[in-house]
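Here are the chains, one letter per residue:
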Amino acid sequence: AKSEQLVSEIMVMANHLAGNLCEKNNIPAIFKVQLPLVMSPEVTRFSNEITAKADSSFKELTLYQEYLTKSTIAPFAAKHEFLNIDNYATVTSPLRRFWDLVNHWQLHSYICTGRPRFNEEQMNYIALQLKYKDELNSKISNKVLGFYTFKALKFLQGQHTEQGKLKFKVIVTKKPSESGLIEVIMLDYGVRCILETSWYALSDTKTEIEKNKVLAKNIEIGDTIDDATIKDIDLLDGSIVLSSNSV
């Protein structure tokens, strides 16, 4: 929605302004950074085109993300590649992110006393501890969310008979591999899955024929597949394998 996009843009601008203030006045702070990968000239041109566009497609953004590193927090300012801005110190969610609250303390102290509450050495220690805890919390959160999401999907799958399998709409995030697998996302659940094509694990005599049929359909990133069904769910491993009659 346009209102959600407006709020997001305002929050990004607020965090950027806070980062600029900290950098300009030498206020130790916790910044959100996303460092670049070494790119070929072709990829660099593609990256510059995407960051300059205001209406990039899902396919373009998905391809662009393949060349990005994971964002993280750091006690120093650096560029955030995906947002294409420098000095990004988050301050918009102090009730949800503890490092936002730390940045609030720094700015409040600087405005009231002319000095930040924490010095550079203290901020380095705080950032290190928060980074470790954030990665730990993310792993636990993803495991819990994945387990119950997959459990719900397994329950829904059991409610349908073989003649009326539950079908899901998925979107392709990577081109088919030579072994016959496609990485996709279930649109209604945001779950990343593997979709087996019709030529996956076939004998050598049939593989080339079936492979050519699939590749002839020219499956591209961003394409949707409407008839994906669940073939296997592993709750402990956190993985879902799908199949489809159309690929």
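Just above, that's the structure.
Since this is a predicted model, take the numbers as computed values, not measurements.

A. Local environment of the nonpolar core. Formed by 19 residues in total, the largest nonpolar core has its most connected members in Leu 153, Val 170, Val 184, Met 186, Leu 195, Ile 240 and Leu 242. Of all the secondary structure elements, the ones that give two or more residues to this core are helix 5 (120-158), strand 3 (168-172), strand 4 (181-186), strand 5 (191-196), strand 6 (224-234) and strand 7 (239-243). With four residues, the single largest contributor to this core is strand 6. Sequence-distant contacts of Val 184, defined by excluding residues within four places in its chain, comprise Val 170, Ile 171, Val 172, Thr 173, Val 191, Arg 192, Cys 193, Leu 195 and Leu 242.

B. Examining the pattern of salt bridges more closely. All told, the structure shown has five salt bridges when counted by the stated rule. Note that Lys 169 and Asp 226 form a salt bridge whose closest N and O atoms lie 4.0 Å from each other. Here Lys 169, found in strand 3, pairs with Asp 226, found in strand 6; they are 57 residues apart in sequence, far enough to count as distant. Notably, a salt bridge pairs Lys 231 with Glu 196, separated by 2.6 Å at the nearest N-O pair. Placement of the pair is Lys 231 in strand 6 and Glu 196 in strand 5, with a sequence separation of 35 residues.

C. Layout of the side chain of Ser 244. Secondary-structure assignment places Ser 244 in the segment after strand 7. We classify Ser 244 as buried; its relative accessible area is 8%. A polar contact is formed between the side chain of Ser 244 and the side chain of Ser 246, at a distance of 2.9 Å. Beyond its immediate chain neighbours, meaning those up to four positions away, Ser 244 contacts Leu 195, Glu 196, Ile 225, Asp 227 and Ala 228.

D. Examining the packing of aromatic side chains more closely. Applying the stated criterion to the full structure yields four aromatic pairs. With a centroid separation of 5.2 Å and 90° between ring planes, the pair formed by Phe 147 and Tyr 148 is classed as edge-to-face. The partly exposed category is assigned to Phe 147, whose relative accessible area is 27%. Under the relative-accessibility criterion, Tyr 148 is labelled exposed at 53%. Relative to Tyr 189, the ring of Phe 168 lies with its centre 6.0 Å away and its plane at 70°, an arrangement referred to as edge-to-face. Of the two residues, Phe 168 is situated in strand 3 and Tyr 189 in the loop between strand 4 and strand 5; the sequence distance between them amounts to 21 residues. Given the relative accessible area of 36%, Tyr 189 is considered partly exposed. Through a chain of ring-to-ring contacts, the aromatic side chains of Phe 98, Trp 105 and Phe 118 assemble into a single cluster. One cation-aromatic arrangement involves Arg 117 over Trp 105; the distance from NZ or CZ to the ring centre is 5.0 Å.

Rules used in this analysis
Residues numbered from 1 in each chain as written. Predicted model: local features only at pLDDT ≥ 70, side-chain atom pairs only at ≥ 80, totals over all residues. Heavy atoms only, no water. Core = buried A, V, L, I, M, F, W, Y, C linked by side-chain atoms within 4.5 Å. Buried < 20%, exposed > 50% of the residue type's maximum accessible area, 1.4 Å probe, protein only. Helix = DSSP H or I, 4+ residues; strand = E, 2+ residues; numbered from the N terminus. Contact = heavy atoms within 4.5 Å. Salt bridge = Lys/Arg side-chain N within 4 Å of Asp/Glu carboxyl O. Polar contact = N/O pair within 3.5 Å; in protein donor to acceptor, adjacent residues only side chain to side chain. Phe/Tyr/Trp six-rings, centres within 6.5 Å; stacked < 30°, edge-to-face > 60°. Lys NZ or Arg CZ within 6 Å of the ring centre and 35° of its normal.

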